[in-house]
Structures are given as structure tokens and as C-alpha cells.
Amino acid sequence: MEPHLQGKLDEIAARLRKASSVAVMTGAGVSAESGVPTFRDAGGLWEGHRIEDVGTPEGFTRDPLLVWRFYNARRRNLLDVAPNAAHHALANLERRCRDFALITQNVDGLHARAGTPNPIELHGNIWLNTCTGCTHYEWADATWRATGNPSAASFPDDPRCPKCAGRLRPGVVWFGEMLPDWAVRRAEQAVCRCDVMLVIGTSAVVYPAAGLAHLAAARGAFVVEINPQRTPLSKEADAVLSGKAGEIMPALLQRVASS
Ligand code: BJW
Ligand code: ZN
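Predicted, not measured: the structure shown is a model, and the values here were computed from it.

1. Some details on the packing of aromatic side chains
Part 1 of the reasoning: Inspection of the entire model under this criterion finds four aromatic pairs.
Part 2 of the reasoning: Between the aromatic rings of W127 and F155, the centroid separation amounts to 5.9 Å while the plane-to-plane angle is 45°, which identifies the pairing as tilted. Of this pair, W127 sits in strand β6 (residues 124-131) while F155 sits in the loop between α8 (142-147) and β8 (168-172), and the two are 28 residues apart along the sequence.
Part 3 of the reasoning: Accessibility expressed as a relative area gives 3% for W127, which makes it buried.
Part 4 of the reasoning: Through a chain of ring-to-ring contacts, three or more aromatic side chains come together here, namely F60, F70, Y71 and W174.
Part 5 of the reasoning: Seen from the ring of F222, R15 lies directly overhead, with NZ or CZ sitting 3.8 Å from the centre.

2. A word on the pairing of strand β9 (residues 196-200)
Part 1 of the reasoning: Counting buried residues along β9, five of its five residues qualify, which places the element largely inside the surrounding structure.
Part 2 of the reasoning: Burial of the side chains of β9 extends over both faces: V196, L198 and I200 are buried on one face and M197 and V199 on the other.
Part 3 of the reasoning: In this structure, strand β1 (residues 22-26) lies alongside β9, joined through five bridges in parallel fashion. Pairing of T26 across the sheet is with I200, part of β9.

3. Some remarks on the packing of helix α1 (residues 3-18) against helix α11 (residues 245-257)
Part 1 of the reasoning: Axis separation between α1 and α11 bottoms out at 9 Å; the angle between their running directions is 55°. With respect to α11, the axis of α1 lies oblique. For the element pair α1 and α11, the recorded crossing hand is right-handed. Along the contact surface, α1 presents Q6, L9, D10, I12, A13, L16 and R17, while α11 presents I248, A251, L252, R255 and V256.
Part 2 of the reasoning: Classifying every residue of the contact of α1 with α11 by side-chain character gives eight nonpolar, one polar and three charged.

Calculation notes
Residues numbered from 1 in each chain as written. Chains lettered and ligands numbered in written order. Predicted model: local features only at pLDDT ≥ 70, side-chain atom pairs only at ≥ 80, totals over all residues. Heavy atoms only, no water. Phe/Tyr/Trp six-rings, centres within 6.5 Å; stacked < 30°, edge-to-face > 60°. Helix = DSSP H or I, 4+ residues; strand = E, 2+ residues; numbered from the N terminus. Buried < 20%, exposed > 50% of the residue type's maximum accessible area, 1.4 Å probe, protein only. Lys NZ or Arg CZ within 6 Å of the ring centre and 35° of its normal. Pairing = 2+ DSSP bridges. Axes fitted to C-alpha atoms, helices over the stretch in contact; angles between N-to-C directions. Parallel < 35°, antiparallel > 145°, perpendicular 65-115°, else oblique. Left-handed = near helix turned anticlockwise from the far one by under 90°. Contact = heavy atoms within 4.5 Å. Nonpolar A, V, L, I, M, F, W, Y, C, P; charged D, E, K, R; others polar.

See the structure below:
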């Protein structure tokens, strides 16, 4: 590790140890080293699809089967994926902090699987099915979690609601949709009271999530960005750790733990 990065890690670890409250916001980059593709690396396409087709309510109305096949393929990929060193380091960091909030834009559920007890999932969860006709919701991974057997997973292409026979949809937040109220409220409260905020693996272009780091900075928090690439947040952040989350987070945790 470069010497200047070591110095920055020492300083940030000292701030984390002293902090009364810590907030973390993660994006797709935190799961990249688990093998989950990020969103904006492939020429504006999501795994070969146009965002308008698979990431908006209009796309779902136009072609629900296409959208379901896209989400079911992502679910199947997630069956073979495990949390990485960054997810584990964050779960461990939470156990060492007095007050801690983990806010994520990710829908993959990997923070919870690493042991983060109560992640604030701003964009929903890919394992959730919600009904377009009534208030019913269900967990698509219930069977294989109960049996512990991923081959028990079944993902039908156009699932229907058991209560009203309406069409189910993935329980995620698409472009043009509101984020869950409770999640935004909890996230805003956490960033307003934190002394240190870590912003990890996000391109920081999707709002309102991207606005949370600006809110933390405006409230006087020390904002740290961890990302191999620069983003629109980099100029405003108090420190930028340029590198992979799976390498930087364990190194940071080790320093927090060793004193
Ligand atoms: C690593 C790494 C490693 C790699 N370690 N790092 C102007 C025009 C039009 C719309 C808008 C506008 N201004 C604002 C809007 C609204 C819109 C928006 O923000 N658009 C912008 C793109 C312009 N926002 C919305 O519509 C939101 N709703 C809303 O605002 O409601 C109010 C409203 C309603 C109606 C009208 C107007 C307002 C909803 C946003 C929902 C986003 N949903 C998605 C899909 C979730 C479901 C799913 O997964 O299928 O959420 S889109 C996608 O982007 C996903 C992500 O959570 C989100 C953010 O992406 P993220 O996580 O930052 O990933 P990437 O790929 O972009 O970046 C990865 C980063 O990791 C990179 O920087 C890499 O360098 C880094 N990296 N390896 C660390 N190893
Ligand atoms: Zn229903």
C-alpha cells in the first residue's frame, strides 16, 4: 500500500475511533469484488439492456416479461455470490461504534448476509416481490433460505399475487419512482448526526441518494470517499481513498481495532 494512503488510513481510523456517530453509504462498487456487476461500467447498459427498458415503471408496463427475465437472471447470479471483505469489515466496524448507520443503494442483500443487522436499503431489495394490484408482498428467496438449498429456488417469469391474482413486480426502486419514505427519513437522520461518513463504491450520480453525502458535509461531518475512480463527490470529500473497497476497508478496520 502506498505510504500516503497509509497516512490517510491512520487519520481516518483515529476519527472513526473518536466519532460519536458514523454513517456509511454504499453503492454497487462494494459488491463488485463479490462478482456482482456494477451499473455504469458498460456503456450505459445494464447487462446488455437499456436502462429505460428494465429500470423504469414504464419499461415494466411495456414488457413485464423482459423485466422479469432480467431480474430473475440477476437473482440466479446472486445465488452463487457471497459477501466480500468490505461487507464483513463494515459489519465488524458497526460492532465497534457507539452509533452507526449503514445506508445502501444496493438491492443484493449482501450487507445483511455479512451480519449488518439493519441496513437502510434505499432502493429496495431484489428478493422482494410486491403486488401491483394490492398491498401484498412476499420474499422470493423464502424457500431456499428455509431449506438452505439454492436449487430449491424457483423464479417464475410472470409471478402472480396469491391474494388478488394481480401482477407481482420486483420490490426495487426504479427511475422516476419515490424511495421508501421511512428509508429516506432514517438515512437523513443518520447523516445529519454523524461525525464521519464513509461513501463507498458509488458513482454518486443517482439522486436523492447522492445528496446524502452533501447533506453530511453541510452539517460538518468528515466525508471520506472510497472508490478506484473519481466521482462528482471527490471534490467535496474531505478525504479520497483511491482503491478497492475489499482492500481498503479491512485495512481501515485493522487500524480502528488496533489501539
Ligand atoms: C468500486 C469498486 C470496488 C467499482 N471498490 N468501488 C435529471 C434527469 C432525470 C432524472 C433525474 C434528474 N435528476 C435527478 C433525477 C432523478 C433520478 C436520478 O437521480 N437520475 C440521475 C441518473 C440523473 N432519480 C430517481 O428517479 C430516484 N427517484 C426520485 O428521485 O424520486 C423523486 C422523483 C420522482 C419523479 C420525478 C422526479 C423525482 C430513483 C432512483 C432509483 C435508482 N434505481 C437503481 C435501480 C435499483 C434496482 C436494481 O438494482 O435493479 O438503483 S438505478 C442504479 O443506480 C441502482 C443503484 O443503486 C444506483 C446507483 O448506482 P451506484 O451504486 O452508484 O453504481 P454505479 O455502477 O453507478 O457505480 C459503481 C461505482 O463503484 C463506480 O464509481 C466504480 O468506480 C466503483 N467501484 N469497483 C469500490 N472494488
Ligand atoms: Zn395482490
